[in-house]
Amino acid sequence: MPTMSFWFGLGLNEVPFVGIYVLVVSTALAAAQGDLGPPGAKAATAVAAVVTVGLAVSAWRGLRTDQVVGRALEQGLGTGWRDRVHVPLRRHRPWARILLLPGLMRRRDVQRIPNIRYGDAGRRNLLDIYRRRDTPQHAPVLIYFHGGGYTSGAKNREARPLLYRLAGQGWVCISANYRLRPQTTFPGHQIDAKKIIAWVREHFPEYGADPSRLFVAGSSAGSNLAALCALTPNDPLFQPGFELADTTVTAAICLYG
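With respect to the packing of helix α6 (residues 188-203) against helix α7 (residues 221-231)
Move 1: Between α6 and α7, whose axes approach to 10 Å, the crossing angle comes to 65 degrees. In the crossing of α6 with α7, the sense of the turn from one axis to the other is right-handed. Listed contacts from α7 to His-189, Gln-190, Ala-193, Lys-194 and Ile-197 of α6 are Asn-224, Leu-225, Leu-228 and Cys-229.
Move 2: Among the residues forming the contact of α6 with α7, the class breakdown is 5 nonpolar, 3 polar and 1 charged.

Overview of unusual backbone geometry
Move 1: Geometrically, the link from Arg-181 to Pro-182 is a cis peptide bond, its omega value of 5 degrees lying close to zero.
Move 2: Counting through the fold element by element, Pro-182 comes out in the loop between β4 (172-176) and α6.
Move 3: With an omega of 10 degrees, the peptide bond between Phe-186 and Pro-187 qualifies as cis.
Move 4: Locating Pro-187 in the fold gives a position in the loop between β4 and α6.
Move 5: With a phi close to 60 degrees, Asn-115 is a non-glycine residue in the positive phi region.
Move 6: Relative to the assigned elements, Asn-115 resides in strand β1 (residues 110-117).
Move 7: In this model, Ser-220 sits at a positive phi of 55 degrees, which is unusual for a non-glycine residue.
Move 8: Locating Ser-220 in the fold gives a position in the loop between β5 (209-219) and α7.

Quick look at the sheet that holds β1
Move 1: Spatially, the 6 strands line up as an open sheet ordered β1-β2-β4-β3-β5-β6, and their pairing is mixed. Two strands close off the open sheet at either side, each with one partner strand: β1 and β6 (251-255). Pairs of neighbouring strands in the sheet enclose a mean axial angle of 20 degrees, with direction left out of account.
Move 2: Sheet topology places strand β3 (residues 139-145) next to β4; 5 bridges connect them, and they run parallel. Looking at the pairing, Leu-142 lines up with Cys-173 of β4.
Move 3: Across the sheet, helix α5 (residues 160-168) is in contact with β1, β2 (126-132), β3 and β4; its angle to β2 comes to roughly 40 degrees.

Details of the pattern of salt bridges
Move 1: Going through the model one piece at a time under the given rule, you end up with 6 salt bridges.
Move 2: The salt bridge partner of Asp-192 is Arg-179, with a shortest N-O separation of 3.0 Å. A residue pair is termed long-range when its members are at least 10 positions apart, and Asp-192 in helix α6 and Arg-179 in the loop between β4 and α6 qualify at 13 residues. A single burial state applies to Asp-192 and to Arg-179, both of which are buried.
Move 3: Three or more residues joined by partner-sharing salt bridges are found here, namely Arg-112, Asp-128 and Lys-155.

Observations regarding the nonpolar core
Move 1: Ranked by size, the top nonpolar core spans 30 residues in total, and within it Ile-129, Ile-143, Phe-145, Ile-174, Trp-199 and Phe-204 carry the most contacts.
Move 2: Within the residue set of this core, elements represented by two or more residues are β1, β2, β3, β4, α6, β5 and α7.
Move 3: A total of 5 residues in this core trace back to one element, the largest contributor, which is α6.
Move 4: Listed in part, the 10 residues of the second largest apolar core include Leu-142, Leu-163, Tyr-164 and Cys-173.

Some points on the packing of aromatic side chains
Move 1: Throughout the structure, instances matching the rule amount to 7 aromatic pairs.
Move 2: Arranged with centres 6.4 Å apart and planes meeting at 65 degrees, the rings of Tyr-150 and Tyr-178 form a pair that is edge-to-face. Of the two residues, Tyr-150 sits in the loop between β3 and α5 while Tyr-178 sits in the loop between β4 and α6, which places them 28 residues apart along the sequence. Each of the two residues, Tyr-150 as well as Tyr-178, counts as buried.
Move 3: Taken together, a centroid distance of 5.9 Å and an interplanar angle of 70 degrees make the contact between Phe-186 and Phe-238 edge-to-face. Of the two residues, Phe-186 sits in the loop between β4 and α6 while Phe-238 sits in the loop between α7 and β6, which places them 52 residues apart along the sequence.
Move 4: Put simply, the rings of Trp-199, Phe-204 and Tyr-207 pair up and form one aromatic cluster.

Reading the values: rules and limits
Residues numbered from 1 in each chain as written. Predicted model: local features only at pLDDT ≥ 70, side-chain atom pairs only at ≥ 80, totals over all residues. Heavy atoms only, no water. Axes fitted to C-alpha atoms, helices over the stretch in contact; angles between N-to-C directions. Helix = DSSP H or I, 4+ residues; strand = E, 2+ residues; numbered from the N terminus. Left-handed = near helix turned anticlockwise from the far one by under 90°. Contact = heavy atoms within 4.5 Å. Nonpolar A, V, L, I, M, F, W, Y, C, P; charged D, E, K, R; others polar. Pairing = 2+ DSSP bridges. Salt bridge = Lys/Arg side-chain N within 4 Å of Asp/Glu carboxyl O. Buried < 20%, exposed > 50% of the residue type's maximum accessible area, 1.4 Å probe, protein only. Core = buried A, V, L, I, M, F, W, Y, C linked by side-chain atoms within 4.5 Å. Phe/Tyr/Trp six-rings, centres within 6.5 Å; stacked < 30°, edge-to-face > 60°.

Remember that the coordinates give geometry; whether it matters functionally is a separate question.
In structure tokens, the structure reads:
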């Protein structure tokens, strides 16, 4: 039951505007057809109204998160941090895209190179590369690990807006699968994460990247992988068979870990 509720609530939690649109349009159609008279229809309309309010509150709370992030950046980087960033930053939300095209993620200037093998565990050892089509040189690298409690998740389900956006700004980004339970357990997941870093350092000059500026990030379970990668550079416990590979990282960005 918890798993089912998670999947059913995922879309509405991420894009509550879509749920509001569906409820408003369906109720308006029912009203236009004269179907709201019976007691059952009135009860359904009342439930829809309550749900709409709840979705609106969820959307409002999501919009307020920028204040939390802004305060954290000011606390960590100082009040003038924007003036030290060399990439133009958007100061206002793209409301037309948010409200009308919430599923739009791809960018024409970014190339996605899918399903590159970094290990011998089949599809669980595949990664995707995102880079600008003009193949920038000496680009910083971001490796992203998906979440899912080490039992689910995939490289093409999460963080695509982040990956496309950074790639469009000149980064080379990776989103990678790793082995899950019951196929493996700890430290199998972490060994795969280390394999990805080792693969990047060996192959990424071919893609215009600079492995000396290598960042790891992740959400949920992926954030634990990212944190442990940063805390265990070149640890042979997590590098069986490739102990001499350099698995150091510049920094880890851990999202709701």
